[in-house]
Amino acid sequence: MNATSFDSAPDAARGGTTHPDPGRIVLLTTSHRVAPGLLSWPAWQALHAADRVLCADGAHPQLPYLREAGISVEEASPTAEELVGVCAGGRTVVVVATGEGEPVLTDGLARLAGSGRFRMPELELLPASYDLPGARLLDLIQVMDRIRAECPWSSRQTHQGLAKYGIEEAYELVEAIEDGDRDELREELGDVLLQVVFHARIAQEDPDAPFSIDDVAATIVAKLIHRHPHVFGEETASTPEEVKEHWLRTKAQEKQRTSVTEGIPLHQPGLALAAKLASRVRTAGLDVPLPTGEGMGYELLTLAIRAEAEGVDPEAALRAAARAYRDTIMETEAARKT
């Protein structure tokens, strides 16, 4: 709707005295991550009580629901001065904000207020719907859907082709944790999350056994609830050791494994593999002799099992030592250049 659809700002809005009440503007914001029509009670109250309800976007997803609720919404985008004029005389105008938040309108209102030439209406920012924790994950899923459909590289990827990236991103995450870099940690967590969402998106297309990111989330939610009976059930646990006992017991019930070695990925790094095997043996209370043999492999196995018994992650310990070795190498190189 163009400017001629609004009366010029009355004298009262320009500082006159004809209408002592400058009125009220309510800027109503909504989240696209919440289903349209699910608005807060204060928002519905403001909408029903308003003298006029305006929205610049005729395709705004909220409009059908507002009109179904009996609210007359005008498709209009008045200037700041026009809006001030509409409010003069004590009227309340609700502006249903577009996704951008109406920056042109709010900047214009700020300029009018700063000019001192207008009696400004009360301005209220009213969030009608809020993002719940985790809402930005919906954005990630939408972006992934579009990339999968439109990107020449992403549209051709498979689980097998992406496998190496999952390993790389996991190692980069570990490095960020060990370096203590918070910004890097946040970024690497995002990269790992991308791998999960990417694989789930590919899995949706499987002709025989498709599943989605919602199925992935539902599976881990059910697992966490089942393995935390002390949180979601009637069991009790006051120490980390008791929590671990609950976890192992429920996991054993789920998997029905015949060996403590089942479920251990054999393609993980050697020291981590040895430590994991030793952990399973120790937890199960088994007395397993070390294999006999000659060579560096058996010596490393002995060291890894010893580290696990002492509560040391052998992979992390070796990485720390390797970084110290790298620093020494760089110092030697620098000294040679001088």
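Given the structure is predicted, the values throughout are model-derived calculations rather than measurements.

Visitor: Just to check I follow, could you spell out the nonpolar core for this structure?
Guide: Within soluble globular proteins, side chains that are nonpolar generally end up buried alongside one another. One finds L28, L47, V53 and L66 to be the most contacted residues of the largest nonpolar core, which totals 18 residues. Taken together, the elements giving at least two residues each to this core come down to β1 (24-29), α1 (41-49), β2 (52-55), α2 (63-68) and β4 (92-96). Considering each element in turn, this core owes the most residues, four residues, to α1. Residues I25, L54, V86 and V93 belong to the second largest nonpolar core, which totals 16 residues.

Visitor: Can you help me understand the pairing of β1 in this one?
Guide: Direction of pairing for β1 relative to β4: parallel, over a ladder of five bridges. In the strand pairing of β4, I25 is matched with V93. Here β1 runs beside strand β5 (residues 122-127); their pairing, made up of six bridges, is parallel. Bridged to V26 within β5 is E124.

Visitor: Would you mind showing me how to read the packing of helix α6 (residues 159-179) against helix α7 (residues 182-203) here?
Guide: A pair of packed helices is characterised by two quantities: the angle between their axes and the separation of those axes. Running from amino to carboxyl end, α6 crosses α7 at an angle of 160°, the nearest separation of the two axes being 9 Å. Judged on the interaxial angle alone, α7 and α6 are roughly antiparallel. When you trace α6 past α7, the crossing you get is left-handed. When α6 is examined against α7, the residues H159, L162, Y165, G166, E169, A170, E172, L173, A176 and I177 are found in contact with a partner set consisting of E184, L185, E188, L189, D191, V192, Q195, F198, H199, I202 and A203. Residues of the contact of α6 with α7, tallied by class, amount to 12 nonpolar, four polar and five charged.

Visitor: Is there a simple way to think about the side chain of D139 in this case?
Guide: Its location among the elements puts D139 in helix α5 (residues 136-150). Within the local environment of D139, its side chain forms a polar contact with the side chain of R33, the two groups lying 2.6 Å apart. Here D139 is in contact with H32 and R33, once residues within four sequence places are set aside.

The rules behind these values
- All residue numbers refer to positions counted from 1 along the written sequence of the respective chain.
- This being a predicted model, a pLDDT of at least 70 is required before a residue's local features are given, and a value of 80 or more before pairs of side-chain atoms are given or counted; all residues contribute to the totals for chains, interfaces and linings.
- Side-chain metrics in this entry use all non-hydrogen atoms of the structure; hydrogen atoms and water are not considered.
- Take the buried Ala, Val, Leu, Ile, Met, Phe, Trp, Tyr and Cys residues and link them wherever side-chain atoms come within 4.5 Å; each set so joined is a nonpolar core.
- Residue exposure (1.4 Å probe, protein chains only): buried if accessible area is under 20% of the type maximum, exposed if over 50%, otherwise partly exposed.
- A run of H or I in DSSP becomes a helix once it reaches four residues, and a run of E becomes a strand once it reaches two; helices and strands are each numbered from the N terminus.
- Strands were regarded as paired on the criterion that DSSP finds at least two bridges between them.
- Fitted lines through C-alpha atoms serve as axes, helices being fitted only where they are in contact, and the angles separating the N-to-C directions of these axes extend from 0 to 180 degrees.
- Reported orientations rely on four angle classes, namely roughly parallel under 35 degrees, roughly antiparallel over 145, roughly perpendicular from 65 to 115, and oblique for the rest.
- In this scheme the crossing of two helices becomes right-handed for a clockwise turn of the near helix relative to the far one and left-handed for an anticlockwise turn of less than a right angle.
- Between two residues, a contact is recorded if the distance between any of their heavy atoms is within 4.5 Å.
- Under the convention adopted here, Pro, Cys and the residues Ala, Val, Leu, Ile, Met, Phe, Trp and Tyr are nonpolar, Asp, Glu, Lys and Arg are charged, and Gly plus all remaining residues are polar.
- By the criterion applied in these results, polar contacts are pairs of N or O atoms within 3.5 Å in which, for protein atoms, one can donate a hydrogen and the other can accept it, and in which residues neighboring in sequence qualify only through two side-chain atoms.

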